[in-house]
Amino acid sequence: MRLPFFGSSRNPVCRPMMPEWCRSAAVIHKSFFERPWSAAEIEGMLRQSDTVADVATDGAGRALVGFAISRVLAPEAELLTIAVGRSSQGAGVGRMLLSAHLARVSAHGAGHVFLEVDEGNASALRLYRSFGFQQVGLRPGYYPRKDGSKATALVLRVDLH
Ligand SMILES: CC(C)(COP(=O)(O)OP(=O)(O)OC[C@H]1O[C@@H](n2cnc3c(N)ncnc32)[C@H](O)[C@@H]1OP(=O)(O)O)[C@@H](O)C(=O)NCCC(=O)NCCS
């Protein structure tokens, strides 16, 4: 049975992203993506008024375990990224973070959310589909891979209301 998160020192909690989390977010981002975002880039996004960004931290708020960033141009939003550190994956953090993040994106006026995801990213696809995201487009050759080949991106959309 998966236990709910109560905000103890062990169990993660979600909160809006503050600038002090940008370095840790960049470290997590770099471990997954071919074109990593620097801490300065993430901080720049946070300064944009159309950015909604959330983190999952340990309950004590000392360590970052995941983050999600969207751009909201109401009534539309784009989920730019969501990532959970490898050692924290598979324990419900991604689900909790996406749920909290979509609620905040909705509160900022978004009625629907788009995202792009590598068609081979099974864990992200399962997560997104469980939130009701459905495929609305396909972008062949979108993501560069380390071996020089390119992966297809699926464009997904969910209605929030
Ligand atoms: C996608 C990601 C954010 C999920 O975070 P997580 O904390 O591991 O996810 P959770 O433990 O909350 O699991 C949520 C759901 O994701 C899916 N999922 C998670 N890990 C999975 C895996 N290894 N295989 C298949 N599905 C998986 C499941 O549907 C799961 O729900 P369930 O446990 O009820 O079946 C995480 O895997 C990640 O950071 N990946 C690397 C970055 C990335 O690819 N981001 C998406 C870019 S578009």
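### Description of the pairing of strand β7 (residues 150-159)
Of all ten residues that make up β7, seven are buried, and the element is covered over most of its length. One ladder, built from seven bridges, connects strand β5 (residues 112-118) with β7; its direction is antiparallel. Note that in β7 the partner of Phe114 across the bridge is Arg157. Relative to β7, strand β6 (residues 134-144) runs antiparallel, the two being bridged by seven bridges. Within β7, the residue paired with Leu138 across the bridge is Leu154. The hairpin turn running from β6 into β7, its antiparallel successor, is five residues long, and Gly148 in that turn takes a positive phi close to 95°.

### Concerning the site of the ligand
Lining the immediate surroundings of the ligand are 21 residues, of which Ile82, Val84, Gly94, Arg95 and Asn121 lie closest. At 2.7 Å from an oxygen atom of the ligand is found a side-chain nitrogen or oxygen belonging to Asn121. Residue Arg126 places a side-chain N or O atom 3.3 Å away from an oxygen atom belonging to the ligand. Considering the ligand on its own, with 920 Å² of exposed area, one finds that the protein chains cover 77% of that surface. When atom positions are compared with the pocket grids, the ligand is found to occupy the largest pocket.

### Looking at the layout of surface pockets
In this model, the largest pocket occupies a volume close to 1,500 Å³. For the lining of the largest pocket, a count of residues per class yields 19 nonpolar, twelve polar and twelve charged. If you add up the space inside the second largest pocket, you get close to 180 Å³. Contributing to the lining of the second largest pocket are Arg71, Leu73, Glu76, Ala77, Glu78, Phe114, Leu115, Glu116, Arg139 and Val155. Those elements that provide at least two residues to the lining of the second largest pocket are β3 (64-73), β4 (76-84) and β5. Here the residues of the lining of the second largest pocket sort into five nonpolar, no polar and five charged.

### Overview of the nonpolar core
Formed by 27 residues in total, the largest nonpolar core has its most connected members in Val113, Val117, Tyr128, Phe133 and Leu156. Only β2 (51-57), β3, β4, α3 (93-107), β5, α4 (122-130) and β7 provide two or more residues apiece to this core. The biggest single contributor to this core is α3, with six residues. Setting aside residues up to four positions removed in sequence, Leu156 forms contacts with Val113, Phe114, Leu115, Val117, Leu125, Tyr128, Phe133, Gln134, Gln135 and Val136. Core analysis: the next-biggest nonpolar cluster, separate from the first, contains 16 residues, Met17, Ala26, Ala53 and Ile69 among them.

What counts and how
Residues numbered from 1 in each chain as written. Predicted model: local features only at pLDDT ≥ 70, side-chain atom pairs only at ≥ 80, totals over all residues. Heavy atoms only, no water. Buried < 20%, exposed > 50% of the residue type's maximum accessible area, 1.4 Å probe, protein only. Helix = DSSP H or I, 4+ residues; strand = E, 2+ residues; numbered from the N terminus. Pairing = 2+ DSSP bridges. Near = heavy atom within 4 Å. Polar contact = N/O pair within 3.5 Å; in protein donor to acceptor, adjacent residues only side chain to side chain. Areas by Shrake-Rupley, 256 points an atom, 1.4 Å probe, with all protein chains shown as cover. 1 Å grid on protein atoms, 1.4 Å probe; cavity = no way out; pocket = protein on both sides within 12 Å on 5 of 7 lines; lining within 4 Å. Sits in = over half its atoms within 2 Å of the grid points. Points joined across faces, edges and corners; volume = space filled by probe spheres on them. Nonpolar A, V, L, I, M, F, W, Y, C, P; charged D, E, K, R; others polar. Core = buried A, V, L, I, M, F, W, Y, C linked by side-chain atoms within 4.5 Å. Contact = heavy atoms within 4.5 Å.

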